[in-house]
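# Secondary and tertiary structure notes
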Number of protein chains: 2
Amino acid sequence: MSESFEDILKQVNEIPTKKLSVANAQDLPVMEAVAEAKAKKIADPILVGDEEKIREIAKQIAFDLSDVRVINEPDMQQAATTAVKLVHDGEADMYMKGALDSKTFLRSVLNKDVGLRTGKTLSHVCVFEIKGIKRLLFLTDVAFLPYPTLEDKEQIINYTVDVCNACGIENPKVAPLAAVEVVNPKMPVTVEAAQLTKWNEEGRIKNCIVDGPLSMDLAIDPEAAKHKAGAENRKIVGDADVLLFPDIHAGNLVYKTIVHLCEFKNGCILMGTKAPVILTSRSDSKETKINSIALAAVVAHHQHRI
Amino acid sequence: MSESFEDILKQVNEIPTKKLSVANAQDLPVMEAVAEAKAKKIADPILVGDEEKIREIAKQIAFDLSDVRVINEPDMQQAATTAVKLVHDGEADMYMKGALDSKTFLRSVLNKDVGLRTGKTLSHVCVFEIKGIKRLLFLTDVAFLPYPTLEDKEQIINYTVDVCNACGIENPKVAPLAAVEVVNPKMPVTVEAAQLTKWNEEGRIKNCIVDGPLSMDLAIDPEAAKHKAGAENRKIVGDADVLLFPDIHAGNLVYKTIVHLCEFKNGCILMGTKAPVILTSRSDSKETKINSIALAAVVAHHQHRI
């Protein structure tokens, strides 16, 4: 069971190295992360894009491409199509965004012929290791789905449980978060949270323990949970694994609060795709990019086994 | 200009000591905070409630009541009514919750005859001093108004600007927060944020600089603001004073994330009342209670002067 990114990186080294297809790879920060992921045997990259620029950057960062497959596609859209097709066809296990805008990248993910759609909604999970918290936290959805419906939230829980399982966490605790811990008919989020809890109790949402609506303190702070009235009746007492946000504003604001105010490590992937997709951005550190690749690798391995 | 609670406490010592009316004061943690506030000349308390229990607790915590006014009202509701009336009548400057539930306390605040209503909506501000951030942050609304309308948000901005002014911060920067920094018609929060910004530019919302929608990183992190595309066109570049949340879920979840994961100090008051109201709870530390009293004191002083 992984409790940290160090654990996840160890996990990755115990599985056959996964192949990583990078769309429009001629992006220095991305190539730096990919080079280090390769060196640490986290992934074997296939770099698709403007070959001349790719090789130039590789030289700049002392990235030896002698045993790296480079596919020349100078056109951005074509590079994305070619790169995603590799994953679609099983030649690569994971798909990563290079020097292209998110829209074009996502369009390639959703490409009907060579993309990675499953017919279900896409979603996003950000895995955090935060100083002061003993477990990994799986935050969703902080970056992709603006206003998940109740059905979306059920789907998101199922995806995130898979990601938890991939990290060796069985029967994760899922906290549908809100400002309050009781159902208030004037607060739809709390009603949805209670419904998700009910579906879990009835066996419709499986392989996890859902307990909501839950406030942040009951979700992540065992000390706070000790002192809170009614906490003894809850299934989650400061030990949530998955934090499910009411909407993307709450999710993104909490995510950025942690990133800018706490000591942490994180890695993120898209969910709901045929294979893991890494959609990191310029504001993500190299370490985050590498952690995301590692997370994608364990998820890819887990998806193949089930 | 206050940049920390230490500054606010110094400010308080430079103004005539304000009188603090406590409803149902026989609450040990509240009395501990009030005793320390009195010792530090932050406030002069008037304790309304069950006198026998009040004196018992005072003895327990070595709180000398010889120069403290104690009003005997053993009935909880009556204690609240009597306590709020003191503020209503100008015999006290601030109103604090003791050993009674929030509902009863708020009912006394809203009492038509002896309460503190202004006819406008009530709201809540939580002032934070966070390690790593050089300025005080004014978070609103994280605890009271669930789904502020656009008009409510305009009102909240006006209240919070007053509180900033009371802390010596002129022309504060107000960030209507969201997951994104551009208007997206599918995200009503961003449309509202842009409208608030427009109202500020047109002079309808005064004495502050409103810039939204804004993400959390642009709001509080100058480093992040340096690297973000388009940041050069923004009025807020990591130096927001006021963080205005989309709704109470986003606000409360961020607030609790800070409380449970960061090194911080904070103090909170209700806004939209004739005089400052302190609505702290058992989960608030003694220091937070004292900071709240200090905040209420500078706000009360400021309200009298304008």
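Just so we're clear, the structure is a prediction, and the values are computed from it rather than from any experiment.

Right, let's get into the packing of aromatic side chains. Applying the stated criterion across every chain yields a total of six aromatic pairs over all chains. For the pair B:Phe128 and B:Tyr255, a centre-to-centre distance of 5.9 Å together with 75° between the ring planes defines the contact as edge-to-face. Of this pair, B:Phe128 sits in strand 5 (residues 123-130) while B:Tyr255 is found in helix 10 (residues 248-261), placing the two residues 127 residues apart along the sequence. Like B:Tyr255, B:Phe128 is buried. Exposure remark for B:Phe128: the relative accessible area of 0% places this residue in the buried category. Taken together, the ring pairs connect A:Phe128, A:Tyr255 and A:Phe264 into an aromatic cluster. Lying over the aromatic face of A:Trp199, A:Arg204 brings its terminal NZ or CZ to 3.7 Å of the ring centre.

The next point concerns unusual backbone geometry. Here the bond from A:Thr140 into A:Asp141 is cis, since omega is -5°, no more than 30 degrees from zero. Mapped onto the secondary structure, A:Asp141 falls in the loop between strand 6 (137-140) and helix 6 (150-166). Backbone geometry at A:Asn171 places phi at a positive 50°, although glycine is not the residue there. When you line up the elements, A:Asn171 lands in the loop between helix 6 and strand 7 (173-176). Phi is positive for B:Asn24, close to 55°, though the residue is something other than glycine. The topology assignment puts B:Asn24 in the loop between strand 1 (18-23) and helix 2 (28-39).

Let's shift gears to the interface of chain B and chain A. Residue-level contacts link 33 residues of chain B with 33 residues of chain A. For the pair chain B and chain A, the summed buried surface comes to about 2,600 Å²; carbon and sulfur atoms form 75% of the total. By the criterion of area lost to chain A, the three top residues of chain B are B:His249, B:Leu253 and B:Leu261, representing 25% of everything that side buries. Across the pair A:Asp217 and B:Lys256 runs a salt bridge whose closest N-O atoms are separated by 3.4 Å. The tally of links between chain B and chain A comes to six residue pairs in polar contact (both at pLDDT 80 or more).

Let us look at the packing of helix 6 of chain A against helix 7 (residues 188-201) of chain A. Residue and element names in this part refer to chain A. It is at 10 Å that the axes of helix 6 and helix 7 come closest, and there the two elements cross at 50°. In terms of their interaxial angle, helix 6 and helix 7 are classed as oblique. In this structure, the crossing between helix 6 and helix 7 has a hand that is right-handed. Each of Leu-150, Lys-153, Glu-154 and Ile-157 in helix 6 lies in contact with helix 7, whose residues at this interface are Glu-192, Gln-195, Leu-196 and Trp-199. A class-by-class count of the residues in the contact of helix 6 with helix 7 yields four nonpolar, one polar and three charged.

Expressed as a screw transformation, the operator carrying chain B onto chain A has a rotation angle of 180° and an axial translation of 0.0 Å, and the superposed copies differ by an RMSD of 0.0 Å. Taken together, the rotation and translation describe the operation of a two-fold axis. The position closest to the rotation axis in chain B is occupied by the C-alpha of B:Ala250, lying 1.9 Å away. Residue by residue, 100% of the interface of chain B is reproduced at the interface of chain A, so both copies engage with the same surface.

Here helix 5 (residues 102-109) of chain B has its buried residues at B:Thr104, B:Phe105, B:Leu106, B:Ser108 and B:Val109. In this structure, the buried residues of helix 5 of chain B make contact with strand 1, helix 4 (76-88), strand 4 (94-97), strand 10 (264-271) and strand 11 (277-278) of chain B.

Residue and element names in this part refer to chain A. Burial along strand 7 is two-sided: Lys-173 and Ala-175 facing one way and Val-174 and Pro-176 facing the other are all buried. The pairing of strand 7 with strand 8 (residues 209-210) spans two bridges and is classified as parallel. By the bridge assignment, Val-174 is partnered in strand 8 with Val-210. With three bridges connecting them, strand 7 and strand 9 (residues 242-244) associate as parallel partners. The residue of strand 9 that forms the bridge with Ala-175 is Leu-243.

Here chain A averages 96 in pLDDT, and 99% of its residues register 70 or above. What the predictor reports for the complex is a pTM of 0.95 with an ipTM of 0.94.

Let's shift gears to helix 6 (residues 150-166) of chain B. Residue and element names in this part refer to chain B. A rise of 1.5 Å per residue sets the reference length of helix 6, with its 17 residues, at 24 Å; its end C-alpha atoms lie 25 Å apart and thus fit the reference within 8%. Counting buried positions over the 17 residues of helix 6 gives 13, a clear majority of the element. Just downstream of helix 6 lies Gly-168, where phi reads positive at about 80°.

Calculation rules
- Residues numbered from 1 in each chain as written.
- Chains lettered and ligands numbered in written order.
- Predicted model: local features only at pLDDT ≥ 70, side-chain atom pairs only at ≥ 80, totals over all residues.
- Heavy atoms only, no water.
- Phe/Tyr/Trp six-rings, centres within 6.5 Å; stacked < 30°, edge-to-face > 60°.
- Helix = DSSP H or I, 4+ residues; strand = E, 2+ residues; numbered from the N terminus.
- Buried < 20%, exposed > 50% of the residue type's maximum accessible area, 1.4 Å probe, protein only.
- Lys NZ or Arg CZ within 6 Å of the ring centre and 35° of its normal.
- Contact = heavy atoms within 4.5 Å.
- Buried area = accessible area lost by both parts, 1.4 Å probe.
- Salt bridge = Lys/Arg side-chain N within 4 Å of Asp/Glu carboxyl O.
- Polar contact = N/O pair within 3.5 Å; in protein donor to acceptor, adjacent residues only side chain to side chain.
- Axes fitted to C-alpha atoms, helices over the stretch in contact; angles between N-to-C directions.
- Parallel < 35°, antiparallel > 145°, perpendicular 65-115°, else oblique.
- Left-handed = near helix turned anticlockwise from the far one by under 90°.
- Nonpolar A, V, L, I, M, F, W, Y, C, P; charged D, E, K, R; others polar.
- Least-squares fit on C-alpha atoms with pLDDT ≥ 70 in both.
- Pairing = 2+ DSSP bridges.
- pLDDT = per-residue confidence, 0-100.
- Expected span 1.5 Å × (residues − 1).

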